[in-house]
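Chain by chain, the residues run as shown.
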Amino acid sequence: MNDTNHQSDWGNVATGSVMDRLVSLSKRRGYVFQSSEIYGGIGSTWDYGPLGVELKRNIKDFWWRTMVERRDDIEGLDAAILMSPKVWEASGHIDGFTDPLVDCKNCKHRFREDEIDPDKEPRCPRCGRGDLSAARQFNLMFKTFMGPVEDDASVVYLRPETAQGIYVNFLNVMNAARQKLPFGIAQIGKAFRNEITPGNFIFRTREFEQMEMQYFVQPGSAGEWLERWLEERNEWYRELGIRHDKLRVHEHGDEELAHYAAAAFDIEYEFPFGWQELEGVHNRTDFDLTAHERRSGKKLSYFDEEAKERYVPYIIETSAGVDRTLLVCLVDGFREEGEGKEARTVLRLDPRIAPIKVAVFPLVKRDGMPEMAIEVHAALKRRWNAFFDDGGSIGRRYRRQDEAGTPFCVTVDGESTSDGTVTVRHRDSMTQDRVSADRLAEWLEDHLS
Ligand code: GAP
């Protein structure tokens, strides 16, 4: 990958500094702030600011529309984060949701064993010395206590995946929604993992959000559904406007498979720090439902009227991270372009997920112009997140909105009050169209979908 100062995938900016520039833009424009910043921050947790929260909501809405609203075979769910600890015993998370932890005796750095290059002499990734402890298994689940007594009987866990809330509600949802196999259950919600080495901004954090869908199928059709869902989910990222050449699929080898999976694929994105997982698509077989049947003593099988047989369904899972998708949208859209006075930083977000859809600028404060601009803004605000800015030069106002990822800026100028037209400037091409103020909403409707 190009690491010079010119023409990287991000315009003028060198690959190595993309993340630093993005973190600083995120703070400046109100996308992401360090959590508890005034106290020096807390490891790997982040807060979403005014633009970040809008972008996050737009991504989740886009997922929900695709996965639930536009389909008849998928139902929604919002299960509690705190569940019976028996759920995590049955699912295998208490025994098996671990990472091998190694301590460096020299610099005291703690890291995952897989951060050591297997082809070289074992060395600490931070100080480079070889005085390391043996690896020990570290459970990634956060533990807390329910109720006023802190003893073993009151231990509960913060869920490390949203999936289990779906499995234990499989029959409730199927019966209430009168679904038949194949059908799915979708959920968006927080998950928590006490990661040994979080990092890369919001890529790996200890508190994050997942968008998961579990699709229940006849066992013999699991392979076919796995392929279909992998294709659908890949297509979703392309529809989100992500550059195609930055997406790829990685199939897990036997040694990479999670304890519950018979086959697994990662949809990966090429971040400035390398190819990394964005979403997992897994064939979880009947592992989870069988385990919950055994532990709870409740039947979780399905009677197939057509095949006249009873079986425990296989599950095809699509598991995406909200925060990781948001990071991909920021990284993929980030560019530094132009030279000197023409230089600008721009976030080329797809207009459908951009936090602010349109900004309105009165050009100068005279001749009834602010009034007209205020009216135009108020009319747009009824339908979209529209922004009003009358501060500073027009160039500075454009630059602020370019950094915020706003796809269109509307300027109300000297001619507007006499001929009823306004200028619409396109964020990416910087070209301008003259549009009648009366037809502006219609024009935007066409360009925002
Ligand atoms: N239910 C299956 C499951 O949780 P996973 O591959 O461990 O599978 C799925 O996680 C997705 O959740 C990942 O592809 C990623 O997008 C997101 N994710 C997992 N751990 C994360 C973390 N520590 N920080 C941010 N996102 C994470």
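Remember, it's a predicted structure, so these values are computed and weren't measured experimentally.

Peer 1: Could you clarify how one ought to interpret the overall build of the protein in this entry?
Peer 2: From N to C terminus, the protein includes 13 helices and 23 strands. By principal-axis analysis of the C-alpha atoms, the protein measures approximately 75 × 65 × 50 Å. For the protein, the share of sequence-separated contacts (at least 6 apart) that also reach a separation of at least 24 residues comes to 64%. Seen as two clouds, the 61 positive and the 78 negative side-chain charges of the protein have centres 4 Å apart.

Peer 1: What am I meant to see in the side chain of S133 here?
Peer 2: With respect to the helices and strands, the residue S133 is situated in the loop between strand 5 (110-112) and strand 6 (136-139). On the accessibility criterion, S133 (18% relative accessible area) is buried. Aside from chain neighbours lying at most four places away, what touches S133 is V102, D103 and K105.

Peer 1: Looking at this model, I keep getting lost on the environment of V346. Mind explaining?
Peer 2: In this structure, V346 sits in strand 18 (residues 344-347). If we ignore the near neighbours within four places in the chain, the residues touching V346 are G333, F334, R335, E337, D402 and R427.

Peer 1: What's the story with the site of the ligand in this structure? I'm lost.
Peer 2: Within the structure, the ligand sits among 21 residues, and E161, E195, T205, E212 and E277 are positioned closest to it. One of the side-chain nitrogen or oxygen atoms of E212 is found 2.5 Å away from a nitrogen atom of the ligand. At 3.4 Å, a side-chain N or O of R284 approaches a nitrogen atom of the ligand. Considered on its own, the ligand offers 560 Å² of accessible surface; in the complex 93% of this is hidden by protein. Those elements that provide at least two residues to the shell around the ligand are strand 10 (207-217), strand 13 (274-285) and strand 16 (314-321). For the shell around the ligand, the class distribution of residues is five nonpolar, six polar and ten charged.

Peer 1: When you look at the packing of aromatic side chains in this model, what are you seeing that I'm missing?
Peer 2: Two aromatic rings are characterised by how far apart their centres lie and by the angle between their planes. Counted under the stated rule, the structure contains 16 aromatic pairs. Centroid distance Y269 to F271: 5.1 Å. Interplanar angle 75°. Geometry classified as edge-to-face. An identical accessibility class is assigned to Y269 and F271; each is buried. Taken together, the ring pairs connect F203, Y269, F271 and F273 into an aromatic cluster. It is R324 that lies over the ring of F203; its NZ or CZ is 3.7 Å from the centre. One Lys or Arg, R425, reaches over the ring of Y398 and ends 4.2 Å from the middle of that ring.

Peer 1: I would appreciate a short explanation of helix 8 (residues 287-296) in the present structure.
Peer 2: In an α-helix there are 3.6 residues to a turn, and that puts residues three or four apart on one side. Listed as buried for helix 8 are D288, L289, A291, H292 and E293. Those residues of helix 8 hidden inside the fold are in contact with helix 3 (85-91), helix 5 (163-167), helix 6 (170-176), strand 10, strand 13 and strand 16. Following helix 8 by one or two positions, G297 has its phi on the positive side, about 75°.

Scoring rules and cut-offs
- Numbers given for residues are sequential positions, taken from 1 along each chain in its written order.
- A pLDDT threshold of at least 70 governs which residues receive local features in this predicted model, and a stricter bar of 80 or more applies before side-chain atom pairs are shown or counted, although totals over entire chains, interfaces and linings include all residues.
- Hydrogens are left out, water is left out, and the side-chain values use all remaining heavy atoms of the structure.
- A helix here means a DSSP run of H or I that spans at least four residues, while a strand means a run of E at least two residues long, and both kinds are numbered starting from the N terminus.
- Here, residues are in contact when the closest pair of their heavy atoms is within 4.5 Å.
- As used throughout, the charge tally considers Lys and Arg to be positive and Asp and Glu to be negative, leaving His and the chain termini uncounted.
- In this description, the location of a charge corresponds to atom NZ of lysine, CZ of arginine, CG of aspartate or CD of glutamate.
- Whether a residue is buried, partly exposed or exposed follows from its accessible area with a 1.4 Å probe, protein chains only, as a fraction of its type maximum: under 20%, in between, or over 50%, in that order.
- The nearness test applies per residue and asks whether one of its heavy atoms lies within 4 Å of the molecule or strand.
- As used in this structure description, the phrase polar contact means that two N or O atoms lie within 3.5 Å; if the pair is within protein, one of them must be able to donate a hydrogen and the other to accept it, and residues adjacent in sequence are counted only when both atoms belong to side chains.
- Method for areas: the Shrake-Rupley scheme with a 1.4 Å probe, in which residue coverage is limited to the protein chains shown.
- Under this grouping Gly is polar, as are all residues other than the nonpolar Ala, Val, Leu, Ile, Met, Phe, Trp, Tyr, Cys and Pro and the charged Asp, Glu, Lys and Arg.
- Geometry of aromatic contacts follows a simple scheme: Phe, Tyr and Trp rings, the Trp one being its six-membered ring, pair when their centres are within 6.5 Å, and the pair is stacked under 30 degrees between planes, edge-to-face over 60, tilted otherwise.
- Cation placement over rings: the criterion is NZ of Lys or CZ of Arg within 6 Å of the ring centroid and within 35° of the ring normal.

Such coordinate-based values are descriptive only and should not be taken to indicate function.
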